[in-house]
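Secondary and tertiary structure notes
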Amino acid sequence: AGAEPVLTREQNVSDWLQTRGAFDDHQDQPLSLQRYLRGMATGEWDGAEHERALAEATVGAGGALVPAPLSARVIDLMRARTVVLRAGGVTVPMTSQTLALARLTGEGSPAWKTEGANITAADLTFDRVSFTARTLVRRVDLSVELFEDADPSSEDVIARSFAGQMAVEVDRAALLGTGTAPEPRGVLNQSGVTLTDHGAAGSAITNYDWWLDAIGAVRAAGFEPTAHVQAPRSSTSLSKLKEATTNAYLTPPAGLLPMLTTRSVPINITVGASTDTSYVFTAQWDQLMLGIRTGFTLRFLGERFLADTLSYSFVAYLRADVQLAQPTAFV
């Protein structure tokens, strides 16, 4: 377990797979997800010899295991759009369905000693955090026209369509997941995370105090916060704060962290008599770990969608889990 890599936002799954010899990306022509999907859907492989060879090796009755270079590309696009990873969360590539990593739970305390006195042991203590790959399913519909009229830029359009849908749900699960199988357990429902209420029925935003208090709470737990993650509405409300006397926009105080927004944070939470409250997550985000299998599976849904909407439909399966290295780093 100790040898498993941890990838920061700047490190690509694609590069990591290449270092392991998982694929050879030195082709005369880079592999294309668009050409691969077009061949699967239409049976036309003109100009897609490499993709056809990969498809013939991986297509089965239950779908197709997307070749490693294309899987890695989509996964890296998803990671780039996942807000909890942009905030500093790390990726742990999973090479099996389950994975256990060691986690530090206690550091002991150093102590002064007098000459000749016994040394008091202050051992490090560890437990383990276990990832279990959970299955995330997304269907993507692509028009026949997109395939027929595709230009070179369509590679990004298709790959980003898969990646964007996955990123939104990964963010939601990482922040709010219930932990009831098959859903991962998100930050909100992890034991040890600090939960702070602001009023029995919520309360309107009037200043930056809650954000500053959250920064202080993370620091008081011995961590250095790196970002706030919140709904777009929260950031908009802060940006519209005004001075009471001059009506000038309020200057943000020194010491605020970057505020990252995601529509995965809801704005319709019921608190007491209120039904429109929301959450703000403040943390040292490198303590959040996204365990992710380094491949995903596609299944082509064939004639039904061609008949109904003249479109090709694919179901994509991604397997991942979320764990916190140190829950007390989160408020």
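Please refer to the structure placed before this passage.
Residues numbered from 1 in each chain as written. Predicted model: local features only at pLDDT ≥ 70, side-chain atom pairs only at ≥ 80, totals over all residues. Heavy atoms only, no water.

**Comments concerning the overall build of the protein chain**
Condition: Strands are runs of DSSP state E lasting at least two residues, helices are runs of H or I lasting at least four, and both sets are numbered from the N terminus onward. Only protein chains enter the accessibility calculation, which uses a 1.4 Å probe; a residue is then buried when its area is under 20% of its type maximum, exposed when over 50%, and partly exposed in between. Only heavy atoms enter the contact rule, under which two residues are in contact if any of them lie within 4.5 Å. Method for areas: the Shrake-Rupley scheme with a 1.4 Å probe, in which residue coverage is limited to the protein chains shown.
Within the protein chain one finds 10 helices and 13 strands. Per-residue burial for the protein chain yields a buried fraction of 43% across its 331 residues. Taking all contacts inside the protein chain whose residues are at least 6 apart in sequence as the whole, residues at least 24 apart take part in 75%. Of the roughly 17,200 Å² of accessible surface on the protein chain, a fraction of 50% belongs to carbon and sulfur atoms.

**Here's the deal with the packing of aromatic side chains**
Filter applied, for reference: Any two of the Phe, Tyr and Trp rings considered here, Trp counted by its six-membered ring, make a pair once their centres fall within 6.5 Å; the pair's planes then place it as stacked at under 30 degrees, edge-to-face at over 60, or tilted in between.
Under the criterion given, the structure shown has three aromatic pairs. Aromatic side chains Trp285 and Phe330 sit 5.5 Å apart centroid to centroid with 90° between the ring planes, which places their arrangement in the edge-to-face category. Linking Trp285 in the loop between strand E11 (280-283) and strand E12 (288-300) with Phe330 in the segment after strand E13 (311-324), this pair joins segments that are 45 residues apart in sequence. Considered together, Trp285 and Phe330 belong to a single accessibility category, that of buried residues.

**Examining helix H2 (residues 33-42)**
By the criterion of burial, H2 is predominantly enclosed, with nine of the 10 residues buried. Leu33, Gln34, Arg35, Tyr36, Leu37, Arg38, Gly39, Met40 and Ala41 are the residues of H2 that are buried.

**Some words on the pattern of salt bridges**
Rules: Salt bridge, as used here, is a side-chain nitrogen of Lys or Arg placed within 4 Å of a carboxyl oxygen of Asp or Glu.
Within this structure, the stated rule accounts for four salt bridges. Two residues, Arg79 and Asp76, come together in a salt bridge whose shortest N-O distance is 3.0 Å. Placement of both Arg79 and Asp76 in helix H4 (residues 68-81) is noted, with a separation of three residues, approximately one turn of the helix. Neither residue differs from the other here; Arg79 and Asp76 are each classed as buried. Between Arg172 and Glu183 there is a salt bridge; the shortest N-O distance is 2.7 Å.

**What to know about the layout of surface pockets**
What counts, and what does not: Lining residues are defined by having an atom within 4 Å of a point belonging to a cavity or pocket. Those points lie on a 1 Å grid over the protein atoms alone, cavities being sets where a 1.4 Å probe fits but cannot get out and pockets being open sets with protein on both sides within 12 Å along at least five of seven lines. Grid points are joined across faces, edges and corners, and a volume is the space filled by probe spheres set on the points. Throughout, the ten residues Ala, Val, Leu, Ile, Met, Phe, Trp, Tyr, Cys and Pro are labelled nonpolar, Asp, Glu, Lys and Arg are labelled charged, and all others, Gly among them, are labelled polar.
If you add up the space inside the largest pocket, you get close to 900 Å³. In terms of lining residues, the largest pocket is bounded by 32 residues, among which Thr196, His198, Ser278, Tyr279 and Val280 are the most central. When contributions to the lining of the largest pocket are tallied by element, the ones reaching two or more residues are helix H8 (209-220), helix H9 (232-239), strand E9 (269-271), strand E10 (274-277) and E11. Here the lining of the largest pocket is composed, by residue class, of 16 nonpolar, 12 polar and four charged. The space that makes up the second largest pocket amounts to roughly 190 Å³. Residue lining of the second largest pocket: 14 residues in total, with Thr135, Leu136, Glu169, Ala173 and Pro184 positioned closest to the centre. Looking at the lining of the second largest pocket, the elements that each hand over two or more residues are strand E6 (134-143), helix H7 (154-176) and E13. Tallying contributions element by element places E13 first for the lining of the second largest pocket, with four residues. Of the residues assigned to the lining of the second largest pocket, the class counts are nine nonpolar, one polar and four charged.

None of this, on its own, says anything about what the molecule does.
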